[in-house]
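Observations on the three-dimensional arrangement
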Amino acid sequence: MKIITLHVLDDSLEVSYHPTDQTGERQFIIAYNSEQTIGENLENLRLKLAGLDVDAAVVDNALSYPFSDTVVGINHQRIDIGLAITNMLNIPVVSKQAIADQGLEAALATKRDYLAWHLDYYGQYQGKRNYGQEAMLTVGNGFFGVRGAYTEAHADADNYPGMYTAGLYDQLTTNLNGRQVTNEDLVNLPNAQALSFGVDHQNPFQIKAADIQDIYRSLDLHTGTLITTMLVQLSTGHTLQIKTSKVANFKDWHRLAIRYSITPINFAGSLQVYSTIDGSVVNGNVARYNAFDQRHLRVTGTSQQPDSIFLEAQTRSSHVDLTLGAHLTGPGEALTAPSDTRPNAEQQVRQMRSVDVQPQHTYTFEKNVVLFTSRETTGNLLSAATDELQQASFADTLASSTAYWQKRWADADIQISGDITSQKLTRVNLYHLFSAVQAIRSGKIDASINARGLDGEAYRGHVFWDEMFDLPVFALHDPKLTRQLLMYRYRRLPAAKQNAQAAGYAGAMFPWQSGEHGDEQSQVTHLNPLTNTWDPDYSSLQRHVSLAIAYNVILYCRITGDTDFMAKYGLEMLQEIGQFWLSKTTLNNANHRYTIDKVMGPDEFHENYPNADTTGLANNAYTNLMVTWLFNQLKEIRQTLTPATLKAVDQKTQVTAETRQQFAAVSHHLKLDISPDGIIGQFEGYFKLPQLDFTKYRQKYGDISRMDRILKAEGKTPDAYQVAKQADALMVLYNLDAPQVADLLQQLGYELPHHALIQNLQYYLDRTTHGSTLSRIVYAALTAMAGNMDQSWKLFSQALFSDYYDIQGGTTAEGIHLGVMGAVTLMSTRYYAGVDALGEDLTVNPHLPQAWDAIKFSHLLRGTRYTFAIDHHHVTVTADHAATLKIGQQPVSLKPNVPQTITY
């Protein structure tokens, strides 16, 4: 084992390197530059250490702290050097004290396990960086999400204690520069996590950098508990340690619990704890929305009972009633909180407990919060909240969350050995995916998974095509949950039909942005922050969202074998979507080809043709190939259903034999634009557009991911160039696979050269700016398919880190990206482990990254649970029922619960 030892000096780090070869120990000093930020100094450290072959690190003079054994003091600053080095070098770091207590091997094993199950942040951060950490530390259960803000914080430039409940939207209209603009938002709820303390009846403490000595936040993925440890020194000299634990209840999903432990360090006296529900909140998480009316709530009442407070409110336009209750318990005496003289005090309700304290003693309080709305609850909400609070406790909620996550990890965990960071962030992704939607499984909540989950307000909390990247993950582990997510779309099928009719089409046209009702919530104008001007926004032309919904329906039924859903709901949705696309086609009699025009592909940079009078594009390759696939699937699915079902659905959707003939004709004659050397044109006319000099633009602007904004600021338009935000023409290869796409092309009458995939891949990589986090993971999958594992790993790693490092420069502050989290998760099992459960048959073709030693996970496929353990040479698979699959080219038959190992 190769180890580096770090010894911290006043303004430098002394590094000792202990290789296993005969070169002997090496030592060097890394100076700490006081004029640089902590991050810049750590980057210097990374560069110094990057060339060393290291398995672990030891800090030999770490400070003594209760929350981490690798915090060091350097140049009058404290850094968790262990956390930093793990992020930089992907190795465990332990203290000399831990080795003395446990021994080296045991200490390293303990730290590896800890790192694999905890998301930690050390130190106090400001602005969007702290906003992003709050989003990553969100606690939720699918009914609500509570951002990982300090309970002592109020919304300001550095902190945003948002709370959201699934599917609760409200529309407001703002007059902006003479323009009436209507926006629908996922509503930021009253701040019910607000909890703080005061000493000797002074004002409640609020987060202020000058008063805080240390902060450590840790999300325990074992239990879903967020623990914040804070060391405070007030201007009065009082020093305290505050430990806050937050957890959501997964059984009684109306409940949130907070445990608040306070240890006076250096004083005896009187301590007060203040619990507040603040209804004066607005939707203020996204700065670019601030010009609009963002006050969605009207407080309708506040009340108090012994140890309990309640706030009632109603959304301003959707008129949804909601009630929040909070119960504060703990030592000391419950007192009436003093009058609050701050602005908007009438929209808040507060309670207080007071206790006499002694130094070095810990005093623990509990705040249990409940939320009810008229969307999921009938009857009197205040009575429901009162009754629920009487049953709530921190212990019960913690037990519920722990039991849920134990069960969830047992069926959904992905165990990656050899790569600490991939292991941790894979579990973080799974945590966010399931905590964003789990309560929807109950069937009592009319909602789906929105693009940013329940932890931010970007995209106004709407449901996009991003669900296409998440639902396969859910289907492989929780079919009942997935079915309920699809029912959100089915219940909005009438709205989708109205959308189509209003636009002059048949069938169902689902909106690009969906909220409460399923009408189109995309804006018609978009504010360019580089020019501060309103530009037309044609994003609603991304009609391919209907194809994503069809894809979700088909894959759900294929993965789960839920023929009941297909018969009752799925076929109806598919045929209505199919009729929409049929009505979008026009036949050119000269070449006997069908055209689909006035659409946008996934790229988003191209909205229309340069200088065109009409909007949208013609014959987008992704759209046309997915329409072909959909029509093929419709034909196959109909063969599996009973005549009675077909008759009933056909009558309801008005599909006739002639309609089905039209489906078949279009599916063989849709037009694509393909170059002589086999490049699939993103849309008709794409090859006529000039290329951009990306090198020149990078030199001028640095980050060119949002090239659309850059070009518009220069008075140009991305419509006029071969430039893409993300995968478009090749996206169909991600949804399906290369053989299926080749079959679709052949069906349409197009034959591509043998090496077409690699040629197309390089062609579009050279033209893509990765302005979406989804872009990298799609291209990671495509490059893996093409056999370029180095490039695939680079793109995968960037996508894996995208929210953890907030690589888009502040977007995580507005909510994590659930689409890329789902895609990264599926990438690990479908492409790297090679277990493709999305096809007609289960196949295994591993391509493990070199950074991974092995991977282990389970899938639930049509009622059979498969467990896979895969390394670089072997596949071991177990099924709980008799089953067959193909590993490489080898058919394998499995007996129930009998593992088989195959060498590949």
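The text that follows walks through the structure, step by step, so that each part is easy to find. Just so it is clear, the model here is predicted, and its values are computed rather than measured. (Residues numbered from 1 in each chain as written. Predicted model: local features only at pLDDT ≥ 70, side-chain atom pairs only at ≥ 80, totals over all residues. Heavy atoms only, no water.)

1. Details of the pattern of salt bridges
In the structure shown here, the tally under the stated rule is 35 salt bridges. When the shortest N-O distance is used, the salt bridge between Asp 211 and Lys 208 registers 3.9 Å. The exposure class assigned to Asp 211 is buried, which follows from its relative accessible area of 11%. Counted as one network, the salt bridges with shared partners bring together Asp 252, Arg 255, Glu 388 and Asp 396. (Salt bridge = Lys/Arg side-chain N within 4 Å of Asp/Glu carboxyl O. Buried < 20%, exposed > 50% of the residue type's maximum accessible area, 1.4 Å probe, protein only.)

2. Digging into the sheet that holds strand β37 (residues 890-894)
Strand order in this open sheet of 4 strands is β31-β32-β36-β37, and the pairing throughout is mixed. A single partner strand is all that each edge strand has here, and the edge strands are β31 (835-836) and β37. Summarising the sheet, strand β32 (residues 843-844) and strand β36 (residues 883-887) pair through 2 bridges and their orientation is parallel. Within β36, the residue paired with Val 844 across the bridge is Ile 887. (Pairing = 2+ DSSP bridges. Helix = DSSP H or I, 4+ residues; strand = E, 2+ residues; numbered from the N terminus.)

3. So, the sheet that holds strand β35 (residues 874-879)
The 5 strands are arranged β26-β33-β34-β35-β38 in an open sheet whose pairing can be described as antiparallel. Looking at which strands have only one partner, the edges of the open sheet turn out to be β26 (415-417) and β38 (900-903). Pairwise comparison of adjacent strand axes, ignoring direction, gives a mean angle of 20° for this sheet. Bridging between strand β34 (residues 864-871) and β35 involves 5 bridges; their strand directions are antiparallel. Bridge pairing links Ala 869 to Thr 876 in β35. (Axes fitted to C-alpha atoms, helices over the stretch in contact; angles between N-to-C directions.)

4. Things to note about the side chain of Gln 351
Structurally, Gln 351 can be placed in strand β24 (residues 348-357). The exposure class assigned to Gln 351 is buried, which follows from its relative accessible area of 5%. Within the structure, the side chain of Gln 351 is placed 2.8 Å from the backbone oxygen of Asp 307, a separation counted as a polar contact. The contact partners of Gln 351, leaving out residues within four places of it in the chain, are Val 273, Tyr 274, Ser 275, Gln 304, Asp 307, Ser 308, Ile 309, Ala 326, His 327, Leu 328 and Ala 337. (Polar contact = N/O pair within 3.5 Å; in protein donor to acceptor, adjacent residues only side chain to side chain. Contact = heavy atoms within 4.5 Å.)

5. Concerning the packing of helix α21 (residues 756-765) against helix α22 (residues 773-785)
At a minimum axis separation of 10 Å, α21 and α22 run at an interaxial angle of 150°. On the basis of their axis angle, the class for α21 and α22 is roughly antiparallel. Between α21 and α22 lies a crossing whose hand is left-handed. Touching Leu 757, Leu 761, Tyr 764 and Leu 765 of α21 are Tyr 779, Leu 782, Thr 783 and Met 785, all from α22. (Parallel < 35°, antiparallel > 145°, perpendicular 65-115°, else oblique. Left-handed = near helix turned anticlockwise from the far one by under 90°.)

6. Comments concerning helix α12 (residues 544-560)
Over its 17 residues, α12 runs 24 Å from end to end, which matches the ideal 24 Å to within 8%, given 1.5 Å per residue. Within α12, 17 of the 17 residues are buried, leaving the element largely enclosed by the surrounding structure. Among the residues trailing α12, Gly 561 stands out with phi positive, at a value near 75°. (Expected span 1.5 Å × (residues − 1).)

7. Here's the deal with the pairing of strand β18 (residues 255-264)
Here β18 lies mainly inside the structure; 9 of its 10 residues are buried. As defined by bridge partners, strand β17 (residues 239-248) adjoins β18 across 9 bridges and the pair is classed as antiparallel. Counted as the bridge partner of Val 247 is Ala 257 from β18. Taking the residues between adjacent antiparallel strands as the criterion, β17 and β18 are bridged by 6 residues. For β18 and strand β25 (residues 363-373), the ladder comprises 8 bridges, and the chain directions are antiparallel. Bridging from a neighbouring strand, Ile 258 pairs with Lys 367 of β25.

8. Describing helix α23 (residues 789-800)
For α23, spanning 12 residues, the distance from its first C-alpha to its last is 16 Å, which sits close to the expected 16 Å at 1.5 Å a residue. When we look at burial in α23, the residues that qualify are Ser 792, Leu 795, Phe 796, Ser 797, Ala 799 and Leu 800. Next to the buried residues of α23 lie α8 (420-435), α22 and α24 (818-832).

9. Examining the pairing of strand β1 (residues 3-8)
In terms of burial, β1 is largely enclosed, as 5 of its 6 residues are buried. Of the strand pairs in this sheet, β1 and strand β2 (residues 12-18) are connected by 6 bridges, and their pairing is antiparallel. From the neighbouring strand, Ile 3 faces β2, where its bridge partner is His 18. A loop of 3 residues connects β1 with β2, the two strands running antiparallel in sequence.

10. A few points about the nonpolar core
With 223 residues, the main nonpolar core has Phe 197, Trp 465, Trp 581, Ile 777 and Phe 868 as its most contacted residues. Tallying contributions element by element places α12 first for this core, with 12 residues. When near neighbours in sequence (up to four residues on either side) are disregarded, Trp 581 contacts Arg 543, His 544, Ser 546, Leu 547, Ile 596, Val 599, Thr 623, Val 627, Leu 630 and Phe 631. Counting residues in hydrophobic clusters, the runner-up holds 24 residues, among them Val 54, Ile 74, Ile 79 and Ile 81. (Core = buried A, V, L, I, M, F, W, Y, C linked by side-chain atoms within 4.5 Å.)

11. Re the packing of helix α13 (residues 563-584) against helix α14 (residues 621-638)
Between α13 and α14, the least distance of the axes is 10 Å, while the angle of their chain directions is 140°. The orientation of α13 relative to α14 falls into the category oblique. The crossing of α13 and α14 is left-handed. Seen from α13, the contacting residues are Met 566, Leu 571, Leu 574, Gln 575, Ile 577, Gly 578, Trp 581 and Leu 582; seen from α14, they are Thr 623, Val 627, Leu 630, Phe 631, Leu 634, Ile 637 and Arg 638.

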